[in-house]
Amino acid sequence: LDVFAPESPAAPALLPFMTSLLEANQRTARAAAAGRLAAELSQRVAVGSTIFIAAEASVPADGAEGGLPLLGTVDLSSQEMELPTHGLTGSLYMSTLAVDSAHRKRGLGRALLRAAEAEASAQGVEGIYLHVEAANAGALSLYRGAGYSAVQPTPLLTTFTRALHLTHADPILMFKRV
């Protein structure tokens, strides 16, 4: 085991090795996370979720075919509405709307909302419910700008929110007719 100070002459020789080790660990962690996400999404689709994805085709500098970098996603489903604790039906629930931070303020969130709303309309439901954290000003602005309104709590809707076991600090339930 060698121990050295970062400014020592030995340090630069180890930097490429350390960098490659770190990159390999990051690739492994990303692959594991992608595998968990794929399994989770597959399970959600199997029970009736519609997953919308915003992606951007890319071609690497060497001209080889590129993948589709994930820019954003949203999950639209009826399963949360049908939990036995509250039995809300006739609408869909939108969850996990997320846009990569490097691609925000480009209309991707609005595009994902429009896709979810078009699907809800095609299914003939009354509207879409969603929860948003009270402190998330950007998301609140997006949803309000798209026509979502905060719903006044009722015992049924409070039970609905509790049944979802949300991790939001202060969830606001919103709804939009489609």
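Everything numeric in this text was worked out from a predicted model, so none of it was measured.

**Q** I keep staring at the sheet that holds strand S6 (residues 171–177) and nothing clicks. Help me out?
**A** Within a sheet, adjacent strands bond to each other through the backbone by hydrogen bonds, running parallel or antiparallel. Pairing is mixed across the open sheet formed by six strands, whose spatial order is S1-S2-S3-S4-S6-S5. On the outer flanks of this sheet lie strand S1 (50–55) and strand S5 (149–150), each paired with one strand and no other. With six bridges connecting them, S1 and strand S2 (residues 70–77) associate as antiparallel partners. Each residue of the ladder has a partner; that of Thr 50, found in S2, is Leu 76. Across the sheet, helix H3 (residues 137–145) touches strand S3 (92–99), strand S4 (127–133) and S6, and the angle it forms with S4 is around 160 degrees.

**Q** I'm lost on unusual backbone geometry in this one. Help?
**A** Phi is mostly negative for residues that are not glycine, and the peptide bonds are mostly trans. Within the chain, Lys 105 stands out as a residue other than glycine whose phi angle is a positive 65 degrees. As for its position among the elements, Lys 105 is in the loop between S3 and helix H2 (108–122). A positive phi angle, near 50 degrees, is found at His 165, a position not held by glycine. The exposure class of His 165 is exposed, given its relative accessible area of 67%.

**Q** In this structure, what is going on with the packing of aromatic side chains? I would like to understand it.
**A** When we look at a pair of aromatic rings, we describe it by the centre distance and by the angle of the planes. Overall, the coordinates contain four aromatic pairs when judged by the stated rule. When the centroid spacing of 5.6 Å and the interplanar angle of 85 degrees are considered together, the rings of Tyr 93 and Phe 160 count as edge-to-face. Of the two residues, Tyr 93 sits in strand S3 while Phe 160 sits in helix H4 (residues 155–163), which places them 67 residues apart along the sequence. Each member of the pair Tyr 93 and Phe 160 is classed as buried. Following the ring pairs from residue to residue traces out a cluster consisting of Tyr 93, Tyr 129, Phe 160 and Phe 175.

**Q** Explain the layout of surface pockets here, please?
**A** Once rolled over the atoms, a probe with the size of a water molecule shows which space is left empty. Here the largest pocket is characterised by a volume of approximately 1,200 Å³. Around the largest pocket, the lining comprises 42 residues; the ones closest to its centre are Thr 96, Leu 97, Ala 98, Val 99 and Tyr 143. Taken together, the elements giving at least two residues each to the lining of the largest pocket come down to helix H1 (11–46), S1, S2, S3, H2, S4 and H3. Along the lines of polarity and charge, the residues of the lining of the largest pocket split into 20 nonpolar, 13 polar and nine charged.

**Q** Is there a simple way to explain the pairing of S4 in this structure?
**A** Across a regular strand the side chains alternate sides, sitting on one face of the sheet and then on the other. For S4, the buried fraction is high: six of the seven residues fall into the buried class. As defined by bridge partners, S3 adjoins S4 across three bridges and the pair is classed as parallel. Its bridge partner being in S4, Met 94 is matched across the sheet by Leu 130. Alignment of S4 against S6, held across seven bridges, turns out to be antiparallel. For His 131, the partnering residue across the bridge sits in S6 and is Leu 173.

About the thresholds
- Residues numbered from 1 in each chain as written.
- Predicted model: local features only at pLDDT ≥ 70, side-chain atom pairs only at ≥ 80, totals over all residues.
- Heavy atoms only, no water.
- Pairing = 2+ DSSP bridges.
- Helix = DSSP H or I, 4+ residues; strand = E, 2+ residues; numbered from the N terminus.
- Contact = heavy atoms within 4.5 Å.
- Axes fitted to C-alpha atoms, helices over the stretch in contact; angles between N-to-C directions.
- Buried < 20%, exposed > 50% of the residue type's maximum accessible area, 1.4 Å probe, protein only.
- Phe/Tyr/Trp six-rings, centres within 6.5 Å; stacked < 30°, edge-to-face > 60°.
- 1 Å grid on protein atoms, 1.4 Å probe; cavity = no way out; pocket = protein on both sides within 12 Å on 5 of 7 lines; lining within 4 Å.
- Points joined across faces, edges and corners; volume = space filled by probe spheres on them.
- Nonpolar A, V, L, I, M, F, W, Y, C, P; charged D, E, K, R; others polar.

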